[in-house]
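Summary of structural features
In case you want the letters, here they are:
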Amino acid sequence: MDVVVLVSGRGSNLRAICNAIDAGTCDANIVGVVSDRKKAAALGFAQERGIPTRIVSLRKGDDRDAWNESLAEAVAALKPDLIVLAGFMRILGPPLLERFRGRIINVHPALLPSFAGHNGPQDALDGGVRISGCTVHIVDAGVDTGPILAQAAVPVLANDTADTLHARIQVQEHRLLPRVIHQIAIGAIALDPLSVSTPVADEAQSLTVPDA
Ligand code: GRF
């Protein structure tokens, strides 16, 4: 199964997928890494590993529709069977969602449907929950709203900060995401495009990162 990974930052999940592939526990082949940020550390790692990389950046004032088209073109040219969002901090638009309907997954640092959005660990602390975790779900046009495929629980400790909680959640992400990819590859998880709704994306919901 050929996979394209979309990243914006550090890329620890990308590394975890590669480690699982190397260990023989994830039956996938990463055919490309696409970033919206030139400075994403994940790109350096991918390049060192010989994985083709593409940058499709979106700066303030850029035409978002054109960016969505460029992103879809860049990803489609790599001919993936599955697209994995691993820390990709943008909402996907119709060009990519429609072309790969039901074949895009995301990892989120909270137990959805609670604490969607870009502050999952802090929101879980603010919400006073005793258990948080991570979720792998199919991507639709909403913010972390698509059908849930798998979750892992992480206890919230009394002295946790968002950073310490996120760090423990990431340990579970690094186990869960490669496992889900493997299960999709071997057909143990069947992605059903018909179950994916594509509500009209609200621009105001967009998760953005500072421009590089
Ligand atoms: C992860 O915590 C993931 O859940 C969230 O963004 C973070 C990405 O981390 N969507 P990394 O870039 O894979 O280290």
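First, a word on what this report is: a plain description of the structure on this page. Small disclaimer: the values here were computed from a predicted structure and weren't measured. (Residues numbered from 1 in each chain as written. Predicted model: local features only at pLDDT ≥ 70, side-chain atom pairs only at ≥ 80, totals over all residues. Heavy atoms only, no water.)

**A look at the sheet that holds strand β2 (residues 29-35)**
Pairing in this open sheet of 7 strands is mixed, and the strands run β3-β2-β1-β4-β5-β6-β7 from one edge to the other. Across the chains shown, the open sheet's two edge strands, defined by having one partner strand only, are β3 (53-55) and β7 (148-155). Put simply, the sheet's adjacent strands are angled 20 degrees from each other on average, direction ignored. Here 7 bridges tie strand β6 (residues 131-138) to β7, and the two strands are oriented antiparallel to one another. (Pairing = 2+ DSSP bridges. Helix = DSSP H or I, 4+ residues; strand = E, 2+ residues; numbered from the N terminus. Axes fitted to C-alpha atoms, helices over the stretch in contact; angles between N-to-C directions.)

**Section: the packing of aromatic side chains**
A complete count under the given rule lists 1 aromatic pair for this structure. Plain terms: the ring middles of Trp 67 and Phe 88 are 6.4 Å apart, the flat faces sit at 10 degrees to each other, and that makes the pair stacked. In this pair, Trp 67 is assigned in helix α3 (residues 64-77) and Phe 88 in the loop between β4 (82-85) and α4 (94-99), connecting sequence segments 21 residues apart. Neither Trp 67 nor Phe 88 differs from the other in exposure class; each is buried. (Phe/Tyr/Trp six-rings, centres within 6.5 Å; stacked < 30°, edge-to-face > 60°. Buried < 20%, exposed > 50% of the residue type's maximum accessible area, 1.4 Å probe, protein only.)

**Observations concerning the site of the ligand**
Residues in contact with the ligand, as listed here, are Arg 10, Gly 11, Ser 12, Asn 13, Gly 87, Val 107, His 108, Pro 109, His 166, Gln 170 and Glu 173. One nitrogen or oxygen atom from the side chain of His 166 is found 2.6 Å from an oxygen atom belonging to the ligand. Within the complex, 89% of the 370 Å² of free accessible area of the ligand lies under protein. Among the cavities detected, the one that contains the ligand is the largest pocket. In terms of residue count, the dominant contributor to the shell around the ligand is helix α6 (residues 162-185) (3 residues). Looking at the shell around the ligand, its residues break down into 2 nonpolar, 7 polar and 2 charged. (Near = heavy atom within 4 Å. Polar contact = N/O pair within 3.5 Å; in protein donor to acceptor, adjacent residues only side chain to side chain. Areas by Shrake-Rupley, 256 points an atom, 1.4 Å probe, with all protein chains shown as cover. 1 Å grid on protein atoms, 1.4 Å probe; cavity = no way out; pocket = protein on both sides within 12 Å on 5 of 7 lines; lining within 4 Å. Sits in = over half its atoms within 2 Å of the grid points. Nonpolar A, V, L, I, M, F, W, Y, C, P; charged D, E, K, R; others polar.)

**Quick word on the nonpolar core**
If you look at the biggest cluster of nonpolar residues, it comprises 37 residues, and the most contacted ones within it are Val 5, Leu 14, Val 33, Val 84, Ile 105, Leu 177 and Ile 181. A total of 7 residues in this core trace back to one element, the largest contributor, which is α6. Not counting residues within four places of it along the chain, the set of residues in contact with Leu 177 comprises Asn 13, Ile 17, Val 84, Ala 86, Ile 105, Val 107 and Val 136. Counting residues in hydrophobic clusters, the runner-up holds 23 residues, among them Val 4, Val 34, Leu 85 and Leu 97. (Core = buried A, V, L, I, M, F, W, Y, C linked by side-chain atoms within 4.5 Å. Contact = heavy atoms within 4.5 Å.)

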